[in-house]
Amino acid sequence: MDRRVFLVLLLAGCADPSTNLVPVVTPTPPPPTPQAPTPVAPPTQSGDQPFDEWARDFYSRAVKAGLPASLLDRELAGLTPDPRVNSLDTRQPEFAKPFGDYIKGVVSEDRVAIAARRKPAVASTLTGIEARYGVPGDILMAIWAMETGFGAVMGDFDVIRSMATLAAQGRRRAFAEDQLMAALRIIGSGEFPRSQLRGSWAGAMGQTQFIPTSFLATAVDGDGDGRRDVWGSSADALTSAANLLSKGGWQRGQGWAREVTLPDGFDYSLTEGPREVPDWWAQKGVRRTDGLPWNTADQGAKAMLIAPTGAQGPAFLLFPNHFVIRKYNNATTYALGVGMLADRFGGMGGVIKPWPYESALSIGDRIVTQRALAQLGFDPGPPDGVVGVNTRNALRNWQKSRGVTADGYLSLDMVRRLKTEANIL
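Residues take numbers from 1 onward in each chain, read along the sequence in its written order. Only residues with pLDDT of at least 70 are given local features in this predicted model, and only at 80 or more are side-chain atom pairs given and counted; all residues enter the totals for whole chains, interfaces and linings. Values shown for side chains rest on all heavy atoms present in the structure; no hydrogens or waters enter the calculation.

### Concerning the overall build of the protein
In this text, helices come from DSSP runs of H or I with a minimum length of four residues, and strands from runs of E with a minimum of two, each type numbered from the N-terminal end. Along the backbone of the protein there are 18 helices and 7 strands. For each residue, the accessible area found with a 1.4 Å probe, counting protein chains only, is set against the maximum for its type, and the residue is called buried under 20%, exposed over 50%, and partly exposed in between. Counting the 425 residues in the protein, one finds 46% classified as buried. In the protein, the share of contacts with a sequence separation of at least 24, taken over all contacts with a separation of at least 6, comes to 68%. Only the protein chains shown count as cover for residues, and all accessible areas are computed by the Shrake-Rupley method using a 1.4 Å probe. Accessible area for the protein stands at about 21,700 Å²; split by element, carbon and sulfur atoms hold 54% of it. Whether two residues touch is decided by their heavy atoms; if any such pair falls within 4.5 Å, the residues are in contact.

### Topic: the pattern of salt bridges
Counted as salt bridges are all cases of a side-chain nitrogen of Lys or Arg within 4 Å of a carboxyl oxygen of Asp or Glu. Enumeration over the complete set of coordinates arrives at 21 salt bridges. Here arginine 258 makes a salt bridge to aspartate 343, at a shortest N to O gap of 3.3 Å. With arginine 258 in strand β3 (residues 257–261) and aspartate 343 in helix α15 (residues 332–345), this pair connects stretches of sequence that are 85 residues apart. Neither residue differs from the other here; arginine 258 and aspartate 343 are each classed as buried. Several salt bridges converge on common partners, so that one network encompasses Arg74, Glu75, Asp158 and Arg194.

### Observations concerning the sheet that holds strand β6 (residues 303–306)
Taken together, the 5 strands give an open sheet; going across it, the order is β4-β6-β7-β3-β5, and neighbouring strands pair in antiparallel fashion. Looking at the sheet topology across the chains shown, the edges are occupied by β4 (275–276) and β5 (287–288). Pairing between strands is defined by DSSP: at least two bridges between them are needed. The pairing of β6 with strand β7 (residues 315–318) spans 3 bridges and is classified as antiparallel. When the bridges of β7 are listed, leucine 305 appears paired with leucine 317.

### Focus: the packing of helix α2 (residues 49–64) against helix α3 (residues 69–76)
The axes used here are C-alpha line fits, helices contributing only the stretch in contact, and every angle between their N-to-C directions lies in the interval 0 to 180 degrees. Interaxial distance between α2 and α3 falls to 10 Å at its minimum, and their mutual angle equals 150 degrees. Classified by the interaxial angle, the pair formed by α2 and α3 is roughly antiparallel. Seen along the crossing, α2 lies across α3 with a hand that is right-handed. On the side of α2, the interface is formed by Phe58, Tyr59, Ala62 and Val63, while α3 contributes Ala69, Leu72, Asp73 and Leu76. Taken together, the residues that form the contact of α2 with α3 break down as 7 nonpolar, no polar and 1 charged. Angles below 35 degrees are treated as roughly parallel, those above 145 as roughly antiparallel, those between 65 and 115 as roughly perpendicular, and all remaining angles as oblique. Handedness of a helix crossing follows the sense of rotation of the near helix relative to the far helix, less than a right angle counterclockwise being left-handed and clockwise being right-handed. Gly is put with the polar residues, along with every residue not named as nonpolar or charged; the nonpolar set is Ala, Val, Leu, Ile, Met, Phe, Trp, Tyr, Cys and Pro, and the charged set is Asp, Glu, Lys and Arg.

### With respect to the side chain of arginine 326
Following the sequence through the fold, arginine 326 ends up in the loop between α14 (320–325) and α15. The contact partners of arginine 326, leaving out residues within four places of it in the chain, are Ala331, Thr332 and Ala335.

### With respect to the confidence of the model for the protein
On a range of 0 to 100, pLDDT expresses the predictor's confidence in each residue. On average, residues of the protein score 90 in pLDDT, and 88% of them reach the 70 mark or higher. Between residues 1–26, whose pLDDT stays under 50, and residues either more than four places distant or in other chains, the model counts 2 contacts. Taken as a whole, residues 36–40 scores under 50 in pLDDT and shows 3 contacts with residues more than four places along the chain or in a different chain.

### So, the packing of α3 against helix α9 (residues 173–189)
Where α3 meets α9, the closest approach of the two axes is 11 Å, and the angle between their N-to-C directions is 110 degrees. Viewed along their axes, α3 and α9 adopt a mutual orientation that is roughly perpendicular. In terms of crossing hand, the pair formed by α3 and α9 is right-handed. Here α3 contributes Leu71, Leu72, Arg74 and Glu75 to the contact with α9, which in turn contributes Leu184, Ile187 and Gly188. Considered class by class, the residues forming the contact of α3 with α9 number 4 nonpolar, 1 polar and 2 charged.

### Observations concerning the environment of serine 200
Tracing the backbone shows serine 200 in the loop between β2 (198–199) and α10 (212–218). Along the primary structure serine 200 and phenylalanine 157 are separated by 43 residues, whereas in three dimensions their C-alpha atoms are 5.8 Å apart. Not counting the four nearest positions on each side in its chain, serine 200 is found in contact with Met154, Gly155, Phe157, Ser162 and Gln209.

### Examining the environment of glutamine 196
By the secondary structure assignment, glutamine 196 is in the loop between α9 and β2. C-alpha of glutamine 196 to C-alpha of tryptophan 231: the two residues are 35 residues apart in sequence and 8.2 Å apart in space.

### Digging into unusual backbone geometry
You will see that glutamine 209, though not glycine, has its phi angle at about 55 degrees, which is positive. Tracing the sequence through the fold places glutamine 209 in the loop between β2 and α10. The class for glutamine 209 is buried, based on a relative accessible area of 11%.

### As for the pairing of β6
Here β6 shows two buried faces, one formed by Ala303 and Leu305 and the other by Met304 and Ile306. As defined by bridge partners, β4 adjoins β6 across 2 bridges and the pair is classed as antiparallel. Residue pairing for β6: arginine 275 is matched across the bridge by methionine 304.

### Thoughts on α2
Expected helix span is computed as 1.5 Å times (number of residues minus one). The terminal C-alpha atoms of α2 lie 23 Å apart, and with 16 residues this matches the ideal 22 Å at 1.5 Å per residue to within 8%. Those residues of α2 that fall on the buried side of the exposure criterion are Phe51, Asp52, Trp54, Ala55, Phe58, Tyr59 and Ala62. All buried residues of α2 fall inside an arc of 155 degrees around its axis, so they share one side. When the buried face of α2 is taken as reference, the exposed residues oriented beyond 90 degrees from it are Gln49, Pro50 and Lys64. Buried-residue contacts for α2 involve α3, α8 (159–169) and α9. Here the arc refers to the directions that run from the helix axis out to each C-beta atom.

### As for the pairing of β3
Counting buried positions along β3 gives 4 out of 5 residues, so the element sits mostly inside the fold. Summarising the sheet, β3 and β5 pair through 2 bridges and their orientation is antiparallel. Counterpart to threonine 261 in the pairing with β5 is arginine 287.

Take a look at the structure:
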């Protein structure tokens, strides 16, 4: 064989045989089988589907807000709504307590007597608090009395469960979830265990009733033991209340309100209206009922005039500190009650002009009044049965247009007149 032919054949036999084969294609592995998503909340078995759905959604948002999953797993697992909270939150009393009756119940001789017995034990604490925060001890004593009967009735609701219940039902979801987040942060910080977070059905805790957000923001150690124990320490509770009022704008040395006498023919449409200094009101004929002069702090303060039971009852000039008291409870009745109780604790008397007799109004009376005012062209807001500022302003405007004393006071006679004019049976 020709040598060159042999070499060619030899080299061909030594070549890589794979070059003469069809390329092998490695198959793409199948996609993994989808896995069930990891639960975002501990399984709940409350039997209340809306509550359980809310709990799972809240858990997810709470984790995003920075709360540890371990904390949420422990505190939310097995959580159930509290039917007592739902009942208390949605209950509508058939009758509203008349203003004068409320105040007389608040400023009771029993409370004055109890305060006299309790005051010596906390006198030095109150003196130190007033020096630091400017809030009078009698105001703090009055809050203490009204909130928990000087610490006797603080409530025994589980705050976590109460706030979860309120949040799940949705009527006050934003408020309740804020409080729930704050309560969980208190627990997570190690400051207090959940067993300590007991309070009212609406989440207020301790001797001076702090909601969790207020506790985090304003509770302080008043007795120097390193803890903010508003449950077990009256010093902590009272100091914390003073801190809340101080941060709310309490004016040192200024009063909260004073009873005043209005002249004949006074324009009651000025009630719940302008805020002016006492000299401005004096030009309208408004005088202190006790005949005393205004102190320097009060002379420069702008005050609002109110006549809570109409032209037949006592009238008051409300100073800025009155509205600071409403940081605790945004109701005129509450803040007026605290102030008048504080006056009694300090040795002052009650109102000089007596509270008039008032007929209790049913929620139906209040709703029909709002409907009548709206029908007659005076906007009172939604017909919810709550006689607030909007309803009183609408009533004053109707009264003024009809030549009636425009005091904004809803009496049974006013209800009847409005129903008749609006032709509502």
